[in-house]
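For reference, the chains in residue letters:
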Protein chains: 2
Amino acid sequence: MGGTTTKIGLFSSEGKLMDKKEIPTRVAMGRKSVFQDIAACIRTLTQDHGAALSDCSVGMGVPGPIDETGYADVMVNLDMYDFYPGKELSELLEGIPVKAANDANVAALGEMWQGGGRGYKSLLFVTLGTGVGGGIILNEKILHGAHGLGGEIGHIWVNPDEPETCNCGGHGCLDQMASATGIVRNAKRFMAKAEKPSALEKFDNLTAKDVFDAAKAGDEVAEKTVDYCMGFLGKNIADVTYVIDPEVVVIGGGLSKAGQYLLDVVYNHYKRYPKLKKCLSDFRLAQLGGDAGMYGAARLALEEK
Amino acid sequence: MGGTTTKIGLFSSEGKLMDKKEIPTRVAMGRKSVFQDIAACIRTLTQDHGAALSDCSVGMGVPGPIDETGYADVMVNLDMYDFYPGKELSELLEGIPVKAANDANVAALGEMWQGGGRGYKSLLFVTLGTGVGGGIILNEKILHGAHGLGGEIGHIWVNPDEPETCNCGGHGCLDQMASATGIVRNAKRFMAKAEKPSALEKFDNLTAKDVFDAAKAGDEVAEKTVDYCMGFLGKNIADVTYVIDPEVVVIGGGLSKAGQYLLDVVYNHYKRYPKLKKCLSDFRLAQLGGDAGMYGAARLALEEK
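Looking at an unreviewed UniProt entry, one finds chain A named Glucokinase and attributed to Gehongia tenuis. Of chain A, the UniProt comment under Sequence similarities (unreviewed entry) reads exactly: "Belongs to the ROK (NagC/XylR) family."

Structure representation (structure tokens):
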């Protein structure tokens with residue numbers, strides 16, 4: 001479930017994606033309508049493929065923290081509060097099992113199962129998009145956390161020198177440094193301070209992609225920006241390694257389209273920490289793009305069967 | 001197993017401590033002798049209580065990283081390298097099950113089972129002693145990590161301004177700030193800069209306990225030191241909460257004798273992070289002291305039965 005659209009996939013019990021649909025998330029209509037839309041789409045998908053609803057189980061990824069009991073306190077983007085999303089959907093689907101988890105967490109599970117983390121059992125997944133999200137898989141299971149905060153690395157304070165306030169109310173969150181927004185903001189700062197001209201000056205609406213492209217082409221300001229911003233991410237991943245020591249780190253989200261270049265910059269910062277020398281995690285790019293959550297939700301559903 | 005002595009406890013299968021012994025760890029005699037000493041002590045303990053060795057299983061905590069397969073790469077304090085401690089001990093005990101884990105990790109498990117974390121299933125355990133150690137329990141199991149690094153929070157770099165080098169080769173590790181050594185070092189720095197006299201000046205061999213005692217009595221330099229050093233710990237625990245979101249944080253080790261005062265200082269720093277507002281973990285003092293590892297090892301042995 002996203003704030004704009006919801007993607008719904010039908011998977012075989014072997015985990016093959018058989019069909020998928022994307023429907024608008026009609027947030028303004030209220031929670032009941034949104035869930036009815038989803039339930040109706042699930043019915044259509046199963047009927048189209050001759051599957052009995054009673055043979056199915058459902059997994060869902062939602063944009064907000066979910067604790068281990070399936071409780072959602074707040075989903076700002078959906079204007080939904082204080083309820084159990086899995087239970088709500090199950091009641092509209094004749095009581096079949098529905099398990100909900102945080103969207104970044106199900107995406108992590110999807111990448112482990114069928115994406116960049118295939119073959120690994122423990123994984124840190126980092127999404128670099130408008131914000132920075134994270135999900136952790138240990139022994140092939142999502143680490144939800146006692147309050148649904150597991151893997152929420154985007155709001156760890158990494159830069160005490162950041163003057164702006166983060167949307168969470170903090171200062172210097174990883175989200176402010178390593179997100180697309182953070183990269184653009186920092187590129188503008190480096191441009192303002194630069195003594196040489198930069199290829200970035202020609203953009204009216206500078207994007208993170210422009211910065212990465214210019215960095216790859218050797219533009220000094222762009223290189224500095226990427227190195228500075230991704231330095232915080234590399235350090236943060238090192239910190240997380242000291243906590244959960246994952247087999248692999250998978251990097252996804254829009255920025256991961258910068259590919260191996262991005263991965264190398266982050267890895268070079270990450271590996272600087274002496275204690276990690278013999279304990280380095282593998283680094284991989286995500287492979288499932290916007291479908292990662294759907295795959296992970298399916299895997300979650302299979303756990304319930 | 002410690003670098004000086006090894007504690008060995010006999011537990012009933014219900015988890016009751018029936019007897020315990022402490023033997024010297026004769027590191028200079030080499031690995032084989034050390035393990036033979038331990039095996040002999042286990043035989044004596046079981047015989048003393050009329051237990052058949054074949055009915056027993058063994059858990060052990062060792063001073064070094066152990067990965068999920070039970071492999072130990074290096075235990076500096078024991079001068080032992082590249083082996084499987086559990087397998088080694090099992091071979092001396094007619095092949096009964098022996099499971100080894102890192103000492104801080106088994107202590108964490110012990111505190112969850114019978115100590116400060118009783119009643120909780122997920123826990124961050126922090127030991128504040130000569131160094132800073134950590135262990136993580138999720139769903140009542142140790143988080144070993146892919147390379148045995150799980151919960152090794154002591155070497156996360158928390159203070160870029162620290163001029164001295166840590167024994168790990170890093171700079172500004174949590175270990176350098178929140179350990180007994182770190183507190184004494186920082187107290188001396190604050191004393192040197194202080195404009196007012198401090199009660200700490202009278203000590204020839206200043207200890208962390210002296211600093212805590214003086215802080216509790218209202219000495220300004222001591223208060224500043226505790227607040228400064230424990231500020232790094234509180235921030236670090238907040239960071240870890242964003243990663244694993246534990247139900248409870250248990251603080252042990254020699255410094256935890258400062259009791260509720262210490263807990264309050266750390267908690268006040270910890271709770272400053274906005275995103276945590278509704279997700280605060282409980283804070284507890286450890287209760288098992290130096291026996292925590294023995295309890296956790298017993299719990300580990302019970303998992304094997």
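Having seen it, we continue.
Undergrad: So what about the relation of the copies chain B and chain A? Which residues, and what values?
TA: Mapping chain B onto chain A is achieved by rotating through 180° and translating by 0.0 Å along the same axis, at an RMSD of 0.0 Å. These values place the two chain copies in the arrangement generated by a two-fold rotation axis. A shared binding surface is used by both copies, with 100% of the interface residues of chain B retained as interface residues in chain A.

Undergrad: Any chance you could break down the domain arrangement of chain A for me, citing the residues and the numbers?
TA: Residue and element names in this part refer to chain A. When the domains of chain A are assigned, the result is domain 1 (5-103) and domain 2 (116-287). Computed over C-alpha atoms only, the centres of domain 1 and domain 2 are separated by 30 Å. Across the contact, 5 residues belong to domain 1 and 6 residues belong to domain 2. Note on domain 1 versus domain 2: buried area summed over both sides is about 520 Å², and carbon and sulfur give 54% of it. When the buried surface of domain 1 facing domain 2 is broken down by residue, Pro65, Asp67 and Glu68 rank first, second and third, together holding 55% of it. The tally of links between domain 1 and domain 2 comes to 0 salt bridges.

Undergrad: Got a sec to walk through helix H7 (residues 220-244) of chain A? Specific residues and values, please.
TA: Given 3.6 residues per turn, any residue in an α-helix points the same way as the ones three and four places further on. All names here are of chain A. Between its first and last C-alpha atoms H7 spans 35 Å; for 25 residues at 1.5 Å apiece the expected length is 36 Å, and the two agree. Of all the bends in H7, the greatest, near 25°, is centred on methionine 230. Across the 25 residues of H7, 19 count as buried, placing the element largely inside the fold. The opening residue of H7 is aspartate 219, an N-cap whose side-chain oxygen sits 3.4 Å from the backbone nitrogen of valine 221.

Undergrad: How would you explain the packing of aromatic side chains if you had to name every residue and give the values?
TA: By the definition in use, this model includes 21 aromatic pairs over all chains. Between phenylalanine 190 of chain B and tyrosine 228 of chain B, the aromatic rings sit 5.4 Å apart at their centres with planes inclined by 80°, giving edge-to-face as the arrangement. With phenylalanine 190 of chain B in helix H5 (residues 180-193) and tyrosine 228 of chain B in helix H7 (residues 220-244), this pair connects stretches of sequence that are 38 residues apart. Classification of tyrosine 228 of chain B by relative accessible area gives partly exposed; the value is 31%. Judged by centre distance (4.8 Å) and plane angle (45°), the rings of tyrosine 270 of chain B and phenylalanine 283 of chain B are tilted. With tyrosine 270 of chain B in helix H8 (residues 259-270) and phenylalanine 283 of chain B in strand S11 (residues 282-285), this residue pair connects regions lying 13 residues apart in the sequence. For the pair tyrosine 270 of chain B and phenylalanine 283 of chain B, a shared accessibility class is recorded, and that class is buried. Grouped by ring-pair contacts, the aromatic residues Phe11, Trp113 and Tyr295 of chain A constitute a single cluster.

Undergrad: If you had to explain helix H3 (residues 103-114) of chain B to someone new, which residues and values would you point to?
TA: Residue and element names in this part refer to chain B. End to end, H3 covers 16 Å across 12 residues, agreeing with the expected 16 Å (1.5 Å per residue, within 8%). Across the 12 residues of H3, 11 count as buried, placing the element largely inside the fold. Among the residues of H3, those classed as buried are Ala104, Asn105, Val106, Ala107, Ala108, Leu109, Gly110, Glu111, Met112, Trp113 and Gln114. With a side-chain oxygen lying 2.9 Å from the backbone nitrogen of alanine 104, the N-terminal cap of H3 falls on asparagine 102.

Undergrad: Explain the pairing of strand S11 (residues 282-285) of chain A to me, and be specific about the residues and the numbers.
TA: Residue and element names in this part refer to chain A. Bridge analysis of strand S10 (residues 248-252) against S11 gives 4 bridges, and the strand direction is parallel. Across the sheet, valine 248 pairs through a bridge with aspartate 282, a residue of S11. The parallel pair S10 and S11 is bridged by helix H8 (residues 259-270), and the resulting crossover is right-handed.

Undergrad: Residues and numbers for the interface of chain B and chain A, please.
TA: Each side of the interface is counted separately: chain B has 41 residues, and chain A has 41 residues. Here chain B and chain A share an interface that buries about 3,100 Å² over both sides, 65% of which is from carbon and sulfur atoms. The largest contributions to the chain B side of the interface with chain A come from Leu149, Tyr242 and Val243 of chain B, which together make up 22% of the buried area. Applying the counting rule to chain B against chain A returns 0 salt bridges. Seen at the junction of chain B and chain A, the total is 20 residue pairs in polar contact (both at pLDDT 80 or more). Considering each element in turn, the side of chain B that touches chain A owes the most residues, 7 residues, to H7 of chain B. Class assignment of the residues belonging to the side of chain B that touches chain A gives a composition of 19 nonpolar, 13 polar and 9 charged.

Undergrad: How would you summarise the sheet that holds strand S7 (residues 123-128) of chain A if you had to cite specific residues and measurements?
TA: All names here are of chain A. In spatial order, the strands read S9-S8-S7-S10-S11; together these 5 strands make up an open sheet with mixed pairing. Every interior strand has two partners, whereas the edge strands, strand S9 (141-142) and S11, have only one. For strand S8 (residues 132-138) and S9, the ladder comprises 2 bridges, and the chain directions are antiparallel. Within S9, the position partnered with leucine 138 by the bridge is lysine 141. Each of S7, S10 and S11 touches H8; the most contacted strand, S11, lies at about 155° to it.

Undergrad: Which residues make up the nonpolar core, and what values do they have?
TA: With 103 residues, the main nonpolar core has Met230 of chain A together with Met230 of chain B as its most contacted residues. Among all residues touching methionine 230 of chain A, those that are not within four sequence positions of it are Leu128, Ala178, Ile183, Phe212, Leu255, Leu262, Val265, Val266 and His269 of chain A.

Undergrad: Which residues make up the sheet that holds strand S10 (residues 248-252) of chain B, and what are the values?
TA: As a general point, the strands of a sheet are linked pairwise by backbone hydrogen bonds and lie either parallel or antiparallel. Residues and elements named next belong to chain B. The 5 strands lie next to each other as S9-S8-S7-S10-S11, forming an open sheet whose pairing is mixed. Each end of this open sheet is capped by a strand with a single partner; those strands are strand S9 (141-142) and S11. Of the strands in this sheet, strand S7 (123-128), S10 and S11 touch H8, which is tilted by about 155° from S11.

Undergrad: Any chance you could break down the packing of helix H6 (residues 208-216) of chain B against H7 of chain B for me, citing the residues and the numbers?
TA: Residue and element names in this part refer to chain B. Between H6 and H7, the least distance of the axes is 7 Å, while the angle of their chain directions is 115°. In this view, H6 runs roughly perpendicular relative to H7, as classed from their interaxial angle. The two elements H6 and H7 cross, and the hand of that crossing is left-handed. Mapping the contact onto sequence places Val211, Phe212, Ala214 and Ala215 in H6 and Ala222, Glu223, Thr225, Val226 and Met230 in H7. For the contact of H6 with H7, the per-class residue count stands at 7 nonpolar, 1 polar and 1 charged.

Here is what the cut-offs are and how they apply
- Residues numbered from 1 in each chain as written.
- Chains lettered and ligands numbered in written order.
- Predicted model: local features only at pLDDT ≥ 70, side-chain atom pairs only at ≥ 80, totals over all residues.
- Heavy atoms only, no water.
- UniProt positions renumbered as here; feature names shortened; annotations may be inferred.
- Least-squares fit on C-alpha atoms with pLDDT ≥ 70 in both.
- Contact = heavy atoms within 4.5 Å.
- Domains from an automatic or database assignment.
- Buried area = accessible area lost by both parts, 1.4 Å probe.
- Salt bridge = Lys/Arg side-chain N within 4 Å of Asp/Glu carboxyl O.
- Helix = DSSP H or I, 4+ residues; strand = E, 2+ residues; numbered from the N terminus.
- Expected span 1.5 Å × (residues − 1).
- Bend = angle between axes of the 7 residues up to and from the residue.
- Buried < 20%, exposed > 50% of the residue type's maximum accessible area, 1.4 Å probe, protein only.
- Polar contact = N/O pair within 3.5 Å; in protein donor to acceptor, adjacent residues only side chain to side chain.
- Phe/Tyr/Trp six-rings, centres within 6.5 Å; stacked < 30°, edge-to-face > 60°.
- Pairing = 2+ DSSP bridges.
- Right-handed = clockwise from strand over helix to strand, strands pointing away.
- Nonpolar A, V, L, I, M, F, W, Y, C, P; charged D, E, K, R; others polar.
- Axes fitted to C-alpha atoms, helices over the stretch in contact; angles between N-to-C directions.
- Core = buried A, V, L, I, M, F, W, Y, C linked by side-chain atoms within 4.5 Å.
- Parallel < 35°, antiparallel > 145°, perpendicular 65-115°, else oblique.
- Left-handed = near helix turned anticlockwise from the far one by under 90°.

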